[in-house]
Amino acid sequence: MTTVPHSNGVVYELDGLQSGPISVGTYNKDEDNNDDFPWLSTARKAIQTRIEKYAATEIKFNLMALTRDKRVDIRSKISKITQAGMDQGDEQIQSLNLELVHEEEQRQQWKDENERRRHNYLPFCMELIRALASSGTLQESTKKANEKMAAARLK
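Now for a quick tour of the structure. (Residues numbered from 1 in each chain as written. Predicted model: local features only at pLDDT ≥ 70, side-chain atom pairs only at ≥ 80, totals over all residues. Heavy atoms only, no water.)

Next up on the list: the overall build of the protein. Helices and strands together make up the secondary structure of the protein, namely five helices and three strands. The secondary structure elements of the protein, listed N-terminal to C-terminal, are β-β-β-α-α-α-α-α. In summary, the protein has a C-alpha radius of gyration of 26 Å against a globular reference of 15 Å for 155 residues, an excess of more than 25%. Each of the three principal axes of the protein carries a C-alpha extent, and together these read 75 × 55 × 30 Å. Burial status across the protein gives 14% buried among its 155 residues. Restricting to contacts in the protein with at least 6 residues of sequence separation, those with at least 24 account for 24%. (Helix = DSSP H or I, 4+ residues; strand = E, 2+ residues; numbered from the N terminus. Rg over C-alpha atoms; globule rule 2.2 N^0.38 Å. Buried < 20%, exposed > 50% of the residue type's maximum accessible area, 1.4 Å probe, protein only. Contact = heavy atoms within 4.5 Å.)

This part covers the pairing of strand E1 (residues 2-5). Relative to strand E2 (residues 10-14), E1 runs antiparallel, the two being bridged by four bridges. Pairing of Thr2 across the sheet is with Leu14, part of E2. Linkage of E1 to E2, two consecutive antiparallel strands, is achieved through a turn of four residues, within which Gly9 is found at a positive phi near 90°. (Pairing = 2+ DSSP bridges.)

As a further point, take the environment of Asn8. Relative to the helices and strands, Asn8 resides in the loop between E1 and E2. Placed 19 residues apart in sequence, Asn8 and Tyr27 show a C-alpha to C-alpha distance of 9.2 Å. Of note is the side chain of Asn8, whose polar atom sits 3.0 Å from the backbone nitrogen of Val10. Here Tyr12 takes part through its side chain, which lies 3.4 Å from a polar atom of the side chain of Asn8. (Polar contact = N/O pair within 3.5 Å; in protein donor to acceptor, adjacent residues only side chain to side chain.)

Here we come to the side chain of Glu103. Tracing the backbone shows Glu103 in helix H3 (residues 91-118). Dropping the residues within four chain positions of it, Glu103 is found in contact with Lys70, Arg71 and Ile74.

Right, let's get into the pattern of salt bridges. Inspection of every chain in the model, using the stated rule, returns 11 salt bridges. The partner of Glu13 in a salt bridge is Arg50, with the nearest N and O atoms 2.9 Å apart. One end of the pair, Glu13, is in strand E2; the other, Arg50, is in helix H1 (residues 40-52), with 37 residues separating them in the sequence. The class of Arg50 is partly exposed, set by a relative accessible area of 27%. Linked by salt bridges that have partners in common, Asp69, Arg71, Arg75, Glu103, Glu104 and Arg107 make up one network. (Salt bridge = Lys/Arg side-chain N within 4 Å of Asp/Glu carboxyl O.)

Structure representation (structure tokens):
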């Protein structure tokens, strides 16, 4: 399920289990209140109302938002500052460059994590089990692992 604004000022809920879009409210798209996304308050209310229908112990919710890449905003700020005549040694530009480096490092970390998730570790695990079995330490390693898991469950 997702909640999206339409240019007609209506916020719709799109649910693949429904026959079509469902209107969840309206918003004033022409309102000048320094808010880039005036429809979000309508969407927020609709989502909260939907969540409140379920028991407090219900945990089957996952919220995800699509946002603009932070690097685009940082680069834009750097560009505006340099066009205003400040040099690269300025403290504000250096701070923005550090933010940009941090974002790039974060993206690399996400890329590495995704590669690890996609990797097929089964051949490695099978070879490890074979090696432990042929060296005669498989039963001992299994017993230690089971004891460790049992202790962790007690915590």
